[in-house]
Amino acid sequence: MMRRLYLFDFDGTLTSADTLLCFIRYACGKWRFVLGFALFSPILVLMKLHLYANWRAKQHLFSWYFRGMKLSEFDDLCRRFAADNKHLMRPLALEKLHELFTRNCIVAIVSASIDNWVRPFFDQLIVGSCSDFRVIGTKVEVDDDGLLTGRFLTNNCYGAEKVRRVLAEYPDLAGNRSSYIVEAYGDSRGDRELLAFADNAFYRPFVER
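In this report, we go over the structure that sits alongside the text.

So, how was this worked out
- Residues numbered from 1 in each chain as written.
- Predicted model: local features only at pLDDT ≥ 70, side-chain atom pairs only at ≥ 80, totals over all residues.
- Heavy atoms only, no water.
- Helix = DSSP H or I, 4+ residues; strand = E, 2+ residues; numbered from the N terminus.
- Buried < 20%, exposed > 50% of the residue type's maximum accessible area, 1.4 Å probe, protein only.
- Salt bridge = Lys/Arg side-chain N within 4 Å of Asp/Glu carboxyl O.
- Phe/Tyr/Trp six-rings, centres within 6.5 Å; stacked < 30°, edge-to-face > 60°.
- Patch = residues over 30% accessible without salt bridge, like charges linked within 9 Å, V, L, I, M, F, W, Y side chains within 5 Å.
- Areas by Shrake-Rupley, 256 points an atom, 1.4 Å probe, with all protein chains shown as cover.

Along the chain, Ala 174 falls in helix 9 (residues 171-175). You can call Ala 174 exposed: its relative accessible area is 53%. Separated by 10 residues in the primary sequence, Ala 174 and Arg 164 have C-alpha atoms spaced 9.8 Å apart.

Dropping the structure here:
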């Protein structure tokens, strides 16, 4: 029997904005947000020119803003951010997710964003559903004292890394690819490999025209 697996990028696909930027501004305030981006503007320009690794630039930013914060405090901040920013979710995306959760489908969010703030956006959506739901995102490193080190525990979940992480999360998929129908939803260059991997690929399907 064929199994259907639904894979969704998060930022820009399900949301109307890049949640990394929104989260930093929410957590740190306008002026610290501006200061950090001003300090790292040379690196960000090089990243845009593809002369500096995307993950490394992102890690520098994350470290500057959050290194030394307690994980418990960070997680609480992530939950409040999601609760206060539900409007970032695209209405058409919410309709699709509600349909899949009602049907108890296998659904995964595959995102370069930190999974700590991605997951809370779905806490209410998944209530009452028996879906196999997972968030496959970039994980942060925590030291023995429960403090964020500012480093990422995993590779940035972007580009080809998205496919690698999906195959690691679903081992049966790698060995029995023909028994799955994979649907993937994305909106940017970082989703190219994920969309190519899928049987059915959808590019920016939830953007209202």
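From this point, the narrative continues.
A word on the pattern of salt bridges. Side chains bearing opposite charge may pair, as long as their charged atoms lie close to each other. The final tally for this structure, using the stated rule, is 12 salt bridges. Close ionic contact of Glu 99 with Lys 96 constitutes a salt bridge, the shortest N to O distance being 3.9 Å. Separated by 3 residues within a single helix, Glu 99 and Lys 96 lie in helix 6 (residues 91-102), roughly one turn from each other. Put simply, Asp 9, Lys 162 and Asp 191 are held in one network by salt bridges that share partners.

Applying the stated criterion across every chain, the model contains 23 aromatic pairs. When the centroid spacing of 4.5 Å and the interplanar angle of 15° are considered together, the rings of Phe 8 and Tyr 185 count as stacked. One end of the pair, Phe 8, is in strand 1 (residues 3-8); the other, Tyr 185, is in strand 6 (residues 180-186), and 177 residues separate them in sequence. As far as the burial class goes, Phe 8 and Tyr 185 line up, both buried. With centroids separated by 4.5 Å and ring planes inclined at 20°, the aromatic side chains of Phe 23 and Trp 117 adopt a geometry described as stacked.

The next thing to look at is a nonpolar patch on the surface. On the surface, Val 45, Leu 46, Leu 49 and Leu 51 cluster together into a nonpolar patch covering about 380 Å² of accessible area. Inspection of the secondary structure assignment puts Leu 51 in the loop between helix 3 (41-48) and helix 4 (54-66). Here Leu 51 falls in the exposed class, since its relative accessible area comes to 60%.

These figures capture arrangement, not role.
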